[in-house]
Amino acid sequence: TTHYKTNQQAKMTTTTTAATVVGIDLGTLTTKITLSSTHDFEIVRNAHGGHTTPTAVTFAGPTRPRLLGEDAADISRGDENTVWMMDRLLTGNNCCDTTDDSNDDQKIMMMMMQDFCRFQFDNHTNSVYIPNMDTTYDTTALLAMLLGRVKRNVLATIQRRTGKNDNNADNEELEFVFAVPSNYPQVTRQAVMDAAYAVKVNKSRVVDGARCLAAVYQRKFYDGQDVDDVVVSNNNSNDSSNDDGDEQKKTNKQKKTVLVVEMGHSRSCVSILQCGGGSGNKEEEAASQNQNDIPSSNNNVQVLSSVSSATLGAAMIDMALFHHFQSNHPSLSHTTTTFLTPKSRPAQRLMEGCRKLKHILSMLPEGNVTVETIGKNDTDVSLSGNRELLKQLCQESVANKLKSMIAAAVDEAGGIDVLGDIGSVEITGGGTRIPMIQDAVRHAIGKGEDFVLSKSLDDTSLAFGASLLPIDASTTNVEVTAEHEARRAQLLEEEMAMMERDVQMVRKDEIRNQIESHVLELRSARHSTHGSLLPSSDEFASYLDGNDDWLFSDECENATVEEMEEKWTQIQGKTQEFCADYLAATQADAERKEKELEDEAKRAAAEQDAEAGDGEAEDHDTRRLPFKRRMEIVLKNKTEANELFSGKNYQHAAARYAKALSHCNKFFDLSPDQQNEVNEVKLSLYLNLAFAYIKLEKLDNAFLQCNEALKCDATSVKALYRRATVLYQKRKFDEASKDLDEAEKLAPDDKALKKLRVLVEKQMTKQKAKEKAMAKKMFG
C-alpha cells in the first residue's frame with residue numbers, strides 16, 4: 001500500500017476525525033465507487049442513477065461547462081474533445097511509449113490508442129490537446145476533473161443516506177482508496193493521489209487489487225464463520241515447523257487454495273489466495289505477515305501470488321474482430337485505405353459493432369449485428385460471427401496468454417505440487433463472461449468443462465475491497481517533497497479555477513433557458529384564458545423576435561454571467577411594461593388556486609385524522625388482508641382520486657392515486673388471474689397519476705409514472721401518448737416523436753396522436769430553422 005502525507009497532514013494526524021473511506025476502482029471504460037462500512041458499503045450512483053461512472057471527460061467549448069463522467073459524450077461517438085481511458089494515460093502507465101523491443105500486446109494497445117482514440121495524446125509529455133479549448137491538459141489534471149465528479153457523487157450519496165447537506169463538508173471527511181493492479185508503477189500511484197488532492201481530498205491511498213479481492217472474499221466467506229469444514233490439500237507446509245501430527249492435520253484441514261481471475265477491458269490480474277490454515281501461533285503469524293496479508297482477527301485469507309498484465313483484456317478481442325471484418329468482409333475490404341481510416345467515424349462505428357457482437361457471443365453460440373452507413377455508398381453492413389471464430393482469432397493472443405499468466409501465478413505461489421488441488425476459482429470482470437476465456441481458465445488448471453467457475457466476486461469487488469482495507473503496518477508513508485507539493489498546489493489551483501468556471505457556465509445556461517422559456521410562454525399565452533389581455537402591436541412581436549435573435553447572437557454567446565443576469569432583468573422589466581394587465585390577471589389566478597389548495601389541504605388533513613382515529617392510518621397498514629378486501633381499498637382510493645381530479649383538485653388527486661398504488665404493493669400470494677387484475681389496475685393508476693402530474697406541471701414526476709405504466713404494458717397507447725406529451729412539454733421533440741412512432745403503429749387512426757404529431761413536427765421544424773440560422777450567423 002502506498003500512502004502519501006503532506007507536511008500539513010502529518011501535523012493534523014492527531015487532531016482530525018476519522019474520514020469516510022471511499023473505495024474506487026478506476027477502470028478504462030467505467031469507474032466503480034463504494035462507501036465504507038460507515039454507510040453500509042453503499043454503491044455510489046452517478047447523477048443519472050447508474051451504478052458506474054464513465055471514465056471520460058468532454059470539453060464542449062470555451063463558453064460551455066465541462067461534461068464529466070456520466071455527462072461526457074459516449075466514447076463510441078466522441079470526437080477529439082472527449083478524453084477517456086484516463087487510467088492508461090497517466091505518467092508511467094501508458095502503453096504508447098513502445099520501441100522495436102516492445103511486446104505484441106503493447107503494440108496492439110498502441111494501435112488502439114493511435115487508431116481508435118480520437119483525442120490527441122502526446123505520450124512524451126503525458127498530455128492531451130483539446131481543440132475546443134485550444135489548450136493542452138496534463139493527464140493528472142484530466143483525472144482530477146473526473147475525480148471532482150466522483151467526489152460530488154459521493155457527497156450526494158451520503159446526503160441521500162443521512163439527510164444532511166455535505167456539499168460544504170470539510171476536506172478531511174473523505175479518504176479515497178484506489179484499487180490498482182500490482183504492476184502499477186510508483187510514479188503512476190503518485191499521480192492518482194495527486195489528482196485526488198487536486199479536488200480537495202487530502203487523504204488518499206493506493207492499494208493492490210489482489211488484496212482488495214482477498215478482503216472481499218474473506219468478508220463474504222470467512223468473517224465470523226468456522227473454517228474447520230474446509231478440507232483441502234496442505235499448502236506450502238514445512239515439516240520441521242510443527243512436530244505435532246494432530247496440529248498439522250488440523251492445519252491441512254483448514255487450508256483452501258482459491259484462484260481469482262479478473263479481466264477487464266484492457267488489463268487482467270490473476271491471484272492465488274490461501275484461505276484458512278493459520279498456524280495457531282499468533283506471534284508466528286504476526287511475524288510472518290507481509291504486505292499481502294489481509295488484516296483479520298482470524299487471518300483467514302492471504303494473497304500467495306499476483307500476476308498482472310497492463311494490456312491483456314477484452315479490448316484485444318474487439319481489435320481482432322475489427323481487423324477480421326475490415327480485411328475479410330465483402331462490403332468492407334474495398335474501403336480499407338479510403339474509408340475506414342484511423343480515428344474516422346465509420347471506424348468508430350465498426351469498432352462499436354464488434355463490441356456488441358462480442359457481448360452477444362458471450363451469451364449465445366452465434367450472433368449478428370448491423371452497423372449503419374459503413375459500407376459502400378453509406379450502406380448498412382451486417383457482422384456475423386460465432387464462438388469458433390473468436391477462438392480462431394484470439395486463442396493465441398488472448399486465451400493462451402491468460403493461461404500463461406495463470407501458470408506464472410501458480411509458480412510464484414510455490415507450484416502446483418506445493419499448492420495441491422485448487423479448490424475454487426473466482427472469475428470477475430467483463431472479459432471473464434466470454435466462454436472462450438472461461439475455457440482457458442479451466443484448461444490452465446487441468447479442469448474439465450463441468451468444473452464450475454464461481455462468480456461470487458462481482459464487478460464492484462475491487463472498489464468494495466478498497467473500502468475494506470485499513471491503513472496497516474504495511475502502509476508506507478512517503479513525505480512529499482517541496483517541489484512535489486508545489487506541483488500539487490498548482491493542480492489544486494487549476495482545478496478549483498475550472499470548477500468555478502463550470503459554475504459560471506452552468507449559471508449562464510440557466511439564464512439562457514429562463515429567457516427562452518419566457519419568450520416561448522409569452523408566445524403561447526395568446527391562446528390562454530387571459531390571452532386577450534396581451535398587446536397585439538407589431539412592437540410587442542418585434543420585442544419577442546428580438547429576444548429570440550439575441551439568444552443566438554455572438555453577444556449572448558460571449559456575455560458574462562453578470563451581463564446575462566442584467567439582460568434577464570431588463571427583459572422582465574420590459575415584459576412588465578408590455579403585459580401588465582395579463583400578468584396581473586395570471587397572478588390573481590395563481591393566488592386563487594393557491595388558496596383553494598390550502599383549503600383542500602386542511603380538509604384532507606381532517607380526513608386523514610378521522611381515518612387515523614378509525615385505525616386506518618395508511619402509513620402503518622401492514623395487515624395481510626384478503627385479496628378482495630385489499631382490492632376494495634385500492635378501488636375506493638382510485639374513485640376518490642377520480643372525483644378530486646374531476647374537480648380540478650390535481651394535487652390531492654395525485655396523492656390519492658399514489659395511496660392506491662401503495663396498497664397495490666400489499667397484495668400477497670396472488671394467483672395468475674389475480675396478478676393480471678392487479679397489473680391492470682396499476683396501469684390505470686400510473687396513467688392517471690401521470691396525467692395529474694402533467695396538470696400540476698411536475699413533468700419529471702409524470703415522466704416516471706409513464707415509464708412505470710409502460711413496464712406494466714409496453715404496448716399501452718395511452719402510456720406512450722402521455723409520455724410523448726411530457727417530452728413535448730420538456731422540449732425533447734426527437735424523443736417525443738419516437739414515442740409517437742410506436743403509438744401510431746399500435747393505433748394508426750387515433751386522433752389525439754395525430755394532433756400531438758402536428759405540434760411536435762411544428763416545433764421540430766422551428767428548432768431546425770433556428771439551428772440553421774445560428775449556423776449561418778456563426779459560419780456565414
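Parameters at a glance
Residues numbered from 1 in each chain as written. Predicted model: local features only at pLDDT ≥ 70, side-chain atom pairs only at ≥ 80, totals over all residues. Heavy atoms only, no water. Helix = DSSP H or I, 4+ residues; strand = E, 2+ residues; numbered from the N terminus. Buried < 20%, exposed > 50% of the residue type's maximum accessible area, 1.4 Å probe, protein only. Polar contact = N/O pair within 3.5 Å; in protein donor to acceptor, adjacent residues only side chain to side chain. Pairing = 2+ DSSP bridges. Axes fitted to C-alpha atoms, helices over the stretch in contact; angles between N-to-C directions. Contact = heavy atoms within 4.5 Å.

**Student:** Can you walk me through the side chain of Arg630 in this structure?
**Tutor:** As for its position among the elements, Arg630 is in helix α20 (residues 627–646). Of the residues examined, Arg630 reaches a relative accessible area of 1% and is grouped as buried. A polar contact is formed between the side chain of Arg630 and the side chain of His663, at a distance of 2.8 Å.

**Student:** Whenever I open this one, the sheet that holds strand β6 (residues 66–68) confuses me. Can you help?
**Tutor:** Pairing between sheet strands relies on hydrogen bonds along the backbone, with the strands arranged either parallel or antiparallel. In space, the three strands of this open sheet follow the order β6-β5-β7, with antiparallel pairing throughout. Strands at the two margins of the open sheet, each flanked by one partner only, are β6 and β7 (82–84). Pairwise comparison of adjacent strand axes, ignoring direction, gives a mean angle of 15° for this sheet. In this sheet, β7 lies alongside strand β5 (residues 56–59) in antiparallel orientation, the contact comprising three bridges. Within β7, the position partnered with Val57 by the bridge is Val83. Sheet strands in contact with helix α4 (residues 139–162) are β5, β6 and β7, and its direction is about 105° off that of β5.

**Student:** Just checking my understanding: could you explain helix α14 (residues 461–468) for this structure?
**Tutor:** Side chains that are three or four residues apart share a direction in an α-helix, a result of its 3.6 residues per turn. Counting buried residues in α14 gives seven out of eight residues, a clear majority hidden from the surface. Taken residue by residue, α14 has Ser461, Leu462, Ala463, Phe464, Gly465, Ala466 and Ser467 as its buried positions. Buried-residue contacts for α14 involve β2 (20–26), β3 (30–35), β11 (174–180), β12 (203–208), α6 (209–221) and β13 (256–263).

**Student:** So what exactly am I meant to see when it comes to the environment of Thr379 here?
**Tutor:** Take Thr379: it is sitting in the loop between β16 (366–371) and β17 (381–386). For Thr379, a relative accessible area of 39% translates into the label partly exposed. Sequence separation between Thr379 and Ser331 is 48 residues; the distance between their C-alpha atoms is 8.8 Å. Sequence-distant contacts of Thr379, that is, excluding residues within four places in its chain, are made with Thr373 and Ile374.

**Student:** Is there a simple way to think about unusual backbone geometry in this case?
**Tutor:** Phi is mostly negative for residues that are not glycine, and the peptide bonds are mostly trans. For Phe41, which is not a glycine, the phi torsion comes out positive at approximately 55°. Among the structural elements, Phe41 can be located in the loop between β3 and β4 (53–54). A positive phi angle, near 65°, is found at Arg731, a position not held by glycine. When you line up the elements, Arg731 lands in the loop between α24 (717–729) and α25 (733–746). With relative accessibility at 28%, the residue Arg731 sits in the partly exposed group.

**Student:** Teacher, can you tell me more about the pairing of β3 here?
**Tutor:** Working note: regular strand, side chains alternate between the two faces of the sheet. Summarising burial for β3: five of the six residues are buried, a large majority. A loop of three residues connects β2 with β3, the two strands running antiparallel in sequence. The sheet contact formed by β3 and β4 spans two bridges and is antiparallel. The residue of β4 that forms the bridge with Thr31 is Thr53.

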